[in-house]
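Chains, contacts and geometry: an overview
Residues per chain, in single letters:
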Amino acid sequence: MLELSTIPDLRAWTTSQRKAGRRIGLVPTMGYLHEGHLALVDQARRQAQAVILSIFVNPLQFGPGEDLARYPRDLVRDRGLAGGRGVDALFLPAVEAMYPTGSEIRVTPGSTAERWEGAARPGHFTGVLTVVAKLFHLVQPDLAYFGQKDIQQLTLIRRMVRDLDWPIELVAVPTVREADGLALSSRNAYLTPDDRTRAVVLSRALRAAHHAFCEGERRADRLEARMRQQLSAEPSVKVEYIAIVEPEGLAPVATVDAGTILAIAARVGSTRLIDNISLAQGLG
Ligand code: AMP
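Residues numbered from 1 in each chain as written. Predicted model: local features only at pLDDT ≥ 70, side-chain atom pairs only at ≥ 80, totals over all residues. Heavy atoms only, no water.

**What about the sheet that holds strand 7 (residues 237-245)?**
Strands in a sheet are paired, the pairing made by backbone hydrogen bonds, and the direction either parallel or antiparallel. The line we're drawing: A pair of strands is considered paired only if DSSP assigns at least 2 bridges between the two. Starting at the N terminus, helices and strands are each numbered in turn, a helix being any DSSP run of H or I of at least four residues and a strand any DSSP run of E of at least two. Axes here mean lines fitted to C-alpha atoms, for a helix over just the part in contact, with angles spanning 0 to 180 degrees between N-to-C directions. Between two residues, a contact is recorded if the distance between any of their heavy atoms is within 4.5 Å.
Pairing within the open sheet is antiparallel, and its 3 strands lie in the order 7-8-9. With one partner strand each, in any of the chains shown, strand 7 and strand 9 (271-278) form the two edges of the open sheet. Neighbour-to-neighbour, the strand axes of the sheet open up by a mean angle of 15°, direction not taken into account. Of the strand pairs in this sheet, strand 7 and strand 8 (residues 261-268) are connected by 8 bridges, and their pairing is antiparallel. Residue pairing for strand 8: Val237 is matched across the bridge by Val268. Helix-sheet contacts for helix 8 (residues 193-214) involve strand 7, strand 8 and strand 9, and the interaxial angle to strand 8 is about 160°. Its contacts with the sheet place helix 9 (residues 220-231) against strand 7 and strand 8, and it is angled at close to 160° to strand 7.

**So, the site of the ligand**
Under the convention used in this document: Any residue with a heavy atom positioned within 4 Å of a molecule or strand is treated as near that molecule or strand. For the purposes of these results, a polar contact is taken to be a pair of N or O atoms within 3.5 Å, where, inside protein, one atom must be able to donate a hydrogen and its partner to accept one; residues adjacent in sequence count only when each atom of the pair is a side-chain atom. Under the convention used here, a 1.4 Å probe and the Shrake-Rupley method define accessible areas, while residue burial counts only the protein chains that appear. For this classification, the nonpolar set comprises Ala, Val, Leu, Ile, Met, Phe, Trp, Tyr, Cys and Pro, the charged set comprises Asp, Glu, Lys and Arg, and every other residue, Gly included, is treated as polar.
With respect to spatial proximity, 17 residues lie near the ligand, and among them Met30, His37, Asp150, Val176 and Leu184 are the closest. Met30 is positioned such that a nitrogen or oxygen atom in its backbone is 2.9 Å from an oxygen atom of the ligand. Backbone polar atom of Gly147 to an oxygen atom of the ligand: 2.9 Å apart, as the coordinates give it. When the ligand sits alone it has 490 Å² of accessible area, and the protein chains cover 93% of it. Of all the secondary-structure elements, those providing two or more residues to the shell around the ligand are strand 2 (24-29), helix 2 (35-47) and strand 5 (143-147). By residue number, the principal contributor to the shell around the ligand is helix 2, which donates 3 residues. Class assignment of the residues belonging to the shell around the ligand gives a composition of 8 nonpolar, 7 polar and 2 charged.

Below, the structure is given as structure tokens:
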């Protein structure tokens, strides 16, 4: 597995892969890899002949009071996991390589970024779209892999690629979960043992709403009530929002169907967690 940390080295590698006729699959991450990230790699391995995984904790997508400084990192472990799953190249840029002094142009998302995560984390999606736009231009992948776990991020990147006519095929990968239902996340590392026990209530609420949908419930307000009932079993888990939305622009719906997305953001102790399902898939 090759390690690239400068933009010229990255460009040389992508050029050589294209010349060899290989399709390039890009998996962008912030590292501290887990089986969710590795599911993206596995999918990339099936579809692309050259798989590149980027690890970059993007300062632009963290707000002032957020966890940039303490975001978990373990490059030695990440190397082993990525190599073990057949990644061909790791891209590990320094912050100064991605944002040299004087860099100021940003990608502005549209109204889809104003609600849910965008409302809770002002500027977050400007940071996400800017770094993803840069990675797309640097790597020029044929395919790029994103998790459904970050559903609003996925929706916005899909829109960016469509609105700006970039010839990149986006592949959405279902959320990988622990045995009890908790969605894997690098931020789960922050959970105390008690928090970890409580955190399962997010997926339990989604499961309960999915069950109600399968039994015939179509009213969004009743699904939300079902979720809140589950969440109230853990009063220390502070719900930030419950979104019951259509998949294109994540606008709220009153009546649900199989395409509807159910999303939750909540604080478990000091850790902010998000999770979602589509009613077609449930917890998977
Ligand atoms: P992150 O390192 O948290 O920025 O995540 C990098 C990519 O992995 C994003 O596309 C995420 O949506 C995806 N991802 C994170 N957690 C999971 C998970 N549990 N299952 C599937 N994909 C995930």
